[in-house]
Structures are given as C-alpha cells and as structure tokens.
Amino acid sequence: MTAALPVGIEEIEVAARRIAGRVLRTPLVFSSALSERCGVPVGLKLEHHQTTGSFKLRGASNAVLSLSHDERARGVVAASTGNHGRALAHAAKAEGSIATIYMSHLVPENKVSEIRRLGADVRIVGKSQDEAQEEVERLVAERGLVMVPPFDHPAVVAGQGTLGLEIVEQMPDVATVLVPLSGGGLAAGVAAAVKARKPTARVIGITMDRGAAMKASLEAGKPVLVEEYPSLADSLGGGIGLDNHVTFRMCRELLDEVVLLTEAEIAAGMRHAYAQEREVVEGAGAVGIAAILAGQIEIDGPIAVIISGRNIDMGLHQRVMNGEDDPFRKEAAA
Ligand SMILES: *Cc1c(COP(=O)(O)O)cnc(C)c1O
C-alpha cells in the first residue's frame, strides 16, 4: 500500500544517511507531568532544539544535498512562513549555495530578521503565502533558481520523515505519535517512517481551527483553499496548494485522525511547555501538548509528542505566559 505513495521508508533511510552530521539527533525526553495525567508514558521529542529552531532543517538539508553542483551554484528559492526560510537559508549556506526567500506580510518581524542574518536574500510580497509563491515561480522561470518548497516535495518529506525514524528508535514501543500539521510535510514523512517500522502505531495530525487547510481538504476529498487568519500557531498558516502532489495523498493514506484546536487551547499548551517542562515553544510546536490537555486525544500509550519549533517573538511569548489566550482575536474577527 505505502509502496504506491510518493515517499516511502527507503527514501527516508537515504535521507537519514545524507543529512547525518548536518542536523541534530534531538532528544526524546519523558514528561512526568503529562505521563501522570495520561496514565501512560508520554515522551516529548524536543525538535525545537534543532539547529535553526525547527524540524524544517531536515527537509531543507535533504533537498539541498540532493541538488547537482550546477543547481547549487544557481541558488535555491522558496516562499516561507518563516521556519522553512530559516532552514533553507542555513542549509544553502552550509553547502556553499545561497537562498532567496519570499514571505508574506503576515510573517512576524523576528522571523524576517533572523533569516536575513542567516545569509538569505529576503523579499516581502503580498498578503498570503500563495502570492509569495507566485513570485517564487517568476524567479524560477526568469533566472533558473531551484525551488525548494516548504512541504510538497519528495526530498523535503523524506527529510522530515527522519524525525519519525528517530522516534521509533528512541521509543520502540510507541503506540501514538502526535504531529503538528499544516502543509503536511512533517506529518506525511513521520507517518511514513513510523508506520513502516511500527504498523500498529497511530499518527494523529494536530492543527488550529483557524484556517485548517489539510483538514478541509481531507474532508472535501481534494485540495481546497481556506482563508488565512493570524494565529498563535503562525507556523501552521497557509494552504496546501491546489495542485498538491505529495502531502495530500500521503496524509489521506497515513494519518489516523486530524484534531483541531482553539487559540486558548494552544496558549494552554505553550504555558504547560514553559511552566511544567521548562521549554520555550512556539504555538505550532505546542499543539501536541495542547491536544492532550484539551482531552482531544484518545489515550493509547506510550505517546510521543513532537515539539516542532521554538521561533516565537519573546514579547508575544511573555503575553501568553501572563495569561493572554488569544492575542490575535481582533485581527481574526476583522
Ligand atoms: C512548518 C511547521 C509545522 C508544520 O509542518 P508542515 O510540514 O507544513 O505540516 C509545524 N510546526 C512548526 C514549528 C513548523 O515550522
């Protein structure tokens, strides 16, 4: 069944060998607070400690390392909500290439300046990732740069899948994996790896209820557009692309369930991460914890929770720690 999918365990194993030494093998740590709450072991995969602050370095590194010499010399380009841009900037520089990154105006300033600092050429265009994507396609056509998309690309999905391999190695009896979900590159790769090694394990995608593109697409039976709104989980924003080639099919085939969360639930997840686990986590990174706390996960353990990123403006993080549940409510209602 999985052999027919665009990315399988073989590609993920190749990716793991290719990116070894360029990305960190992040720890999976036992959470006593969550384990006590669930009555089964709960492990946190601390991928927010990855170089550049998110798992996106795995896919970006695998994609850049898959390029020919000529392609690397021309440079890579992407539209990104932030973490993919950071990762691609770092991965390109590490291999002697250069990344041009397009972003929409919705992307927070801290992410923009970070990516510039990593050596990328950053350009701000439009009000949505789809508009940024149009600019990318123009540059590819006009200057022959190589596009490395944030999720819908076999090399990117295979790179993200290496996280799933590590989880099964670090928690061999894992029964449930909680994966933050947006475009589905992480969920597709992790599910492909986990289910190849452990077919009985459940893989559950988790996202915010504000503009859940993959969930809406799975329900429609094909990729659909959803409106974008500002959210605490800004890294989960953006569509899946109407001409999605890789992640929609894989998520449809491999995910057991998709759970949606409110802003208040995501905020509670971030506060738990900080107060109980002593971890600074961005909204998107906290959704696995948030889903457990919200009672949205049927408990079947051991449970592995992917903490996917930590790139949040610290002023915003502070406001959430001080009890704000929905800093973007006004903008979302407008
Ligand atoms: C990109 C991202 C996600 C979602 O990954 P997809 O592959 O788009 O589903 C989740 N968390 C963080 C921190 C991210 O940067």
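Residues numbered from 1 in each chain as written. Predicted model: local features only at pLDDT ≥ 70, side-chain atom pairs only at ≥ 80, totals over all residues. Heavy atoms only, no water.

- In the annotation of an unreviewed UniProt entry, the entry for the protein reads Hydroxyectoine utilization dehydratase EutB, and the organism field reads Ciceribacter thiooxidans.
- In the Cofactor (unreviewed entry) part of its UniProt record, the protein is described as follows: "pyridoxal 5'-phosphate". (UniProt positions renumbered as here; feature names shortened; annotations may be inferred.)

## What about the environment of Leu 28?
Now for step 1: The topology assignment puts Leu 28 in strand E1 (residues 28-30).
Now for step 2: Sequence separation between Leu 28 and Gly 43 is 15 residues, and the spatial gap between their C-alpha atoms is 6.0 Å.
Now for step 3: Apart from the residues within four sequence positions on either side, Leu 28 is in contact with Gly 43, Leu 44, Lys 45, Ile 167, Gln 170, Met 171 and Ala 304. (Helix = DSSP H or I, 4+ residues; strand = E, 2+ residues; numbered from the N terminus. Contact = heavy atoms within 4.5 Å.)

## Some points on the domain arrangement of the protein
Now for step 1: With domains assigned, the protein is organised as domain 1 (9-55 + 153-333) and domain 2 (56-147).
Now for step 2: For domain 1 versus domain 2, the separation of C-alpha centres amounts to 22 Å.
Now for step 3: Counting residues at the interface gives 31 residues for domain 1 and 22 residues for domain 2.
Now for step 4: Carbon and sulfur atoms make up 51% of the area that domain 1 and domain 2 hide from each other, which totals about 2300 Å².
Now for step 5: For the pair domain 1 and domain 2, the interface holds three salt bridges. (Domains from an automatic or database assignment. Buried area = accessible area lost by both parts, 1.4 Å probe. Salt bridge = Lys/Arg side-chain N within 4 Å of Asp/Glu carboxyl O.)

## Concerning the layout of surface pockets
The gaps of empty space that remain are located by a probe, the size of a water molecule, rolled over the atoms.
Now for step 1: Taken as a whole, the largest pocket holds about 860 Å³ of empty space.
Now for step 2: Taken together, 44 residues make up the lining of the largest pocket; nearest its centre are Pro 150, Phe 151, Asp 152, Gly 239 and Ile 240.
Now for step 3: Elements that contribute at least two residues to the lining of the largest pocket include exactly helix H5 (83-94), helix H7 (129-143) and helix H9 (185-197).
Now for step 4: For the lining of the largest pocket, the residue count by class is 15 nonpolar, 22 polar and seven charged.
Now for step 5: Here the lining of the largest pocket gathers at least three residues from each of two domains, domain 1 (9-55 + 153-333) and domain 2 (56-147).
Now for step 6: When its volume is computed, the second largest pocket comes out at roughly 400 Å³.
Now for step 7: Leu 106, Pro 108, Ser 231, Asp 234 and Phe 328 are, among the 24 residues lining the second largest pocket, the residues nearest its centre.
Now for step 8: Of all the secondary structure elements, the ones that give two or more residues to the lining of the second largest pocket are helix H6 (109-117) and helix H14 (314-321).
Now for step 9: For the lining of the second largest pocket, the class distribution of residues is 11 nonpolar, seven polar and six charged. (1 Å grid on protein atoms, 1.4 Å probe; cavity = no way out; pocket = protein on both sides within 12 Å on 5 of 7 lines; lining within 4 Å. Points joined across faces, edges and corners; volume = space filled by probe spheres on them. Nonpolar A, V, L, I, M, F, W, Y, C, P; charged D, E, K, R; others polar.)

## Section: the site of the ligand
Now for step 1: Within the structure, the ligand sits among 16 residues, and Lys 56, Asn 83, Ser 182, Gly 184 and Ser 308 are positioned closest to it.
Now for step 2: At 2.8 Å from an oxygen atom of the ligand is found a main-chain nitrogen or oxygen belonging to Ser 182.
Now for step 3: When the ligand is considered free in solution it has 380 Å² of accessible area, and contact with the protein chains removes 98% of it.
Now for step 4: The cavity that encloses the ligand is the largest pocket.
Now for step 5: Looking at the shell around the ligand, its residues break down into six nonpolar, eight polar and two charged. (Near = heavy atom within 4 Å. Polar contact = N/O pair within 3.5 Å; in protein donor to acceptor, adjacent residues only side chain to side chain. Areas by Shrake-Rupley, 256 points an atom, 1.4 Å probe, with all protein chains shown as cover. Sits in = over half its atoms within 2 Å of the grid points.)

## A look at the pairing of strand E2 (residues 42-45)
Now for step 1: Going residue by residue along E2, you find Val 42 and Leu 44 tucked away on one face and Gly 43 and Lys 45 tucked away on the opposite face as well.
Now for step 2: Pairing of E1 with E2 involves three bridges; the strand directions are antiparallel. Following the sheet pairing, Phe 30 is matched in E2 by Gly 43.
Now for step 3: In this structure, E2 lies alongside strand E10 (residues 303-306), joined through four bridges in parallel fashion. Within E10, the residue paired with Gly 43 across the bridge is Ala 304. (Buried < 20%, exposed > 50% of the residue type's maximum accessible area, 1.4 Å probe, protein only. Pairing = 2+ DSSP bridges.)

## Examining the sheet that holds strand E3 (residues 76-79)
Now for step 1: Taken in spatial order, the four strands line up as E5-E4-E3-E6 in an open sheet, and their pairing is parallel. Single-partner strands in this sheet number two, and they are strand E5 (121-124) and strand E6 (146-147).
Now for step 2: Taken together, the four bridges between strand E4 (residues 99-103) and E5 define a ladder with parallel strand orientation. By the bridge assignment for E5, Ile 101 is matched with Val 122.
Now for step 3: Against the sheet, H5 engages E3 and E4, with an angle of about 175° to E3.
Now for step 4: The strands that H6 touches are E4 and E5; relative to E5, the one it contacts most, it runs at about 150°. (Axes fitted to C-alpha atoms, helices over the stretch in contact; angles between N-to-C directions.)

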